[in-house]
Amino acid sequence: MNLNDALEAALIESDTPVITDYEFFRLGARLHAAGSWQGTPLSRLPSDWDHTRMRNAQRRLRARQVIAPDADFHMGMWRVVQSSRAGSPEEIASIADPFCYVSHLSAMERYGLTDRSPEALHLSTPWRPIWNAMRDERVTADSMERPHVDAPNFIRFGFKDKVRRRPVMVHETRHPAIPTTVRGERTRITDIGRTFADMLDNPELCGGIRHVLDIWENQALNWSDAIITGIDSLNTKIAKVRAGYIFTERLGLEDKRIAKWQEFAQRGGSRKLDPDSPYVPIFSERWMLSINA
């Protein structure tokens, strides 16, 4: 077994639908360093693993029909032909951008919170400076930052209008979630608490405030602890005020963690329950919020 055979075997075992140049290089580096695959020594092992040898290996695996250029991303991304899974748009996006995740109305649908089926896949990704910092941390953790390592760049793939024929909407956020992974996939998604929190931070991305209120009034008490944690994870005052109002005045839930959010209520301001509707002179005294929905 040579290095190319080991790369093919490792790709088949991983059963990943696509792989980036960066991940392919890391896989080759691990196999080269180990000098074996599952206990079988590798023969004719090159003296080093570098960018040129990576490209040579990719050419040979293309000839074997193990990998092929990905139709949605082209350069830097490869479809693993022999994978048993084609990969959903959510999973392909999560591999292309390792810091993005399914969010908003798409997360609501995945959790069964809404009966709406959005045509577009909603994804969130960190604001560019945050994304760059997360990339640098990942590269360091992968031990790929050393100057002598001829690794391909860890790039941020730009999404086209569609991924796997599904329209996508990408939202940059300065307050990225810590997403959870879908079992059996590499898809990442906001957890249930952050999903509820995002409904109040950006209701326009979640079907509108009236749809959000219906979901909160019917289901929020089932997830109250997770939602409180999710609201606290958001560095936005308005979501805390809206959540405090809904919990206490619509659902009758009192909790010392919720009570702390009253410090974010702002007298004399123009805060509204529905950010897209006009201000009305009906308001919550406790939460100093115009109840315009």
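Note that this is a predicted model, so its numbers are computed, not measured.

## Looking at the sheet that holds strand β4 (residues 67–70)
Logical step 1: Taking strand neighbours across the sheet as the criterion, the three strands line up as β1-β5-β4 in an open arrangement whose pairing is antiparallel. Of all the strands in the sheet, just β1 (18–20) and β4 have a single pairing partner and so form its edges. The sheet shows a mean angle of 40 degrees between the axes of neighbouring strands, taken without regard to direction.
Logical step 2: In this structure, β1 lies alongside strand β5 (residues 74–80), joined through three bridges in antiparallel fashion. Across the sheet, threonine 20 pairs through a bridge with methionine 77, a residue of β5.
Logical step 3: Contacts from helix α2 (residues 21–34) reach β1, β4 and β5, with the element oriented near 85 degrees to β1.

## What about the side chain of aspartate 274?
Logical step 1: Tracing the chain through its elements places aspartate 274 in the loop between α11 (256–259) and β12 (283–284).
Logical step 2: For aspartate 274, a relative accessible area of 5% corresponds to the buried category.
Logical step 3: Side-chain polar atoms of aspartate 274 contact the side chain of arginine 210, separated by 3.3 Å.

## Concerning the nonpolar core
Logical step 1: In terms of nonpolar packing, the biggest core is built from 33 residues, with Phe196, Met199, Leu200, Trp216, Phe247, Trp261 and Leu289 touching the most fellow members.
Logical step 2: Among the elements of the structure, α5 (104–110), α7 (192–201), α8 (209–219), α9 (224–233) and α10 (237–250) are those that each provide at least two residues to this core.
Logical step 3: Top contributing element to this core by residue count: α10, with seven residues.
Logical step 4: Not counting chain neighbours up to four residues away, the residues in contact with leucine 200 comprise Val212, Trp216, Ile231, Ala239, Arg242, Ala243 and Ile246.
Logical step 5: Membership of the second largest hydrophobic core comes to 27 residues, among which are Met54, Leu61, Val66 and Phe154.

## As for unusual backbone geometry
Logical step 1: Even without being glycine, aspartate 15 reaches a positive phi, approximately 55 degrees.
Logical step 2: In this structure, aspartate 15 sits in the loop between α1 (3–14) and β1.

## What to know about the packing of aromatic side chains
Logical step 1: Counted under the stated rule, the structure contains nine aromatic pairs.
Logical step 2: Residues tryptophan 131 and phenylalanine 154 carry aromatic rings whose centres are separated by 5.9 Å and whose planes lie at 85 degrees to one another, so their mutual orientation is edge-to-face. Of this pair, tryptophan 131 sits in helix α6 (residues 128–141) while phenylalanine 154 sits in the loop between α6 and β8 (162–163); the two residues are 23 residues apart in sequence, bridging distant segments of the chain.
Logical step 3: Residue classification places tryptophan 131 among the buried residues on the basis of a relative accessible area of 0%.
Logical step 4: On the accessibility criterion, phenylalanine 154 (10% relative accessible area) is buried.

## Some thoughts on the environment of leucine 253
Logical step 1: Residue placement: leucine 253 occurs in the loop between α10 and α11.
Logical step 2: In this structure, the C-alpha to C-alpha distance between leucine 253 and leucine 221, residues 32 residues apart in sequence, is 8.2 Å.

## Side note on the packing of α7 against α8
Logical step 1: The contact between α7 and α8 brings their axes to 10 Å, and the two run at 145 degrees. In this structure, the crossing between α7 and α8 has a hand that is left-handed. Facing α7, whose interface residues are Phe196, Met199 and Leu200, α8 presents Val212, Ile215, Trp216 and Gln219.
Logical step 2: Its residues assigned to classes, the contact of α7 with α8 shows six nonpolar, one polar and no charged.

So, how was this worked out
- Residues numbered from 1 in each chain as written.
- Predicted model: local features only at pLDDT ≥ 70, side-chain atom pairs only at ≥ 80, totals over all residues.
- Heavy atoms only, no water.
- Pairing = 2+ DSSP bridges.
- Helix = DSSP H or I, 4+ residues; strand = E, 2+ residues; numbered from the N terminus.
- Axes fitted to C-alpha atoms, helices over the stretch in contact; angles between N-to-C directions.
- Contact = heavy atoms within 4.5 Å.
- Buried < 20%, exposed > 50% of the residue type's maximum accessible area, 1.4 Å probe, protein only.
- Polar contact = N/O pair within 3.5 Å; in protein donor to acceptor, adjacent residues only side chain to side chain.
- Core = buried A, V, L, I, M, F, W, Y, C linked by side-chain atoms within 4.5 Å.
- Phe/Tyr/Trp six-rings, centres within 6.5 Å; stacked < 30°, edge-to-face > 60°.
- Left-handed = near helix turned anticlockwise from the far one by under 90°.
- Nonpolar A, V, L, I, M, F, W, Y, C, P; charged D, E, K, R; others polar.

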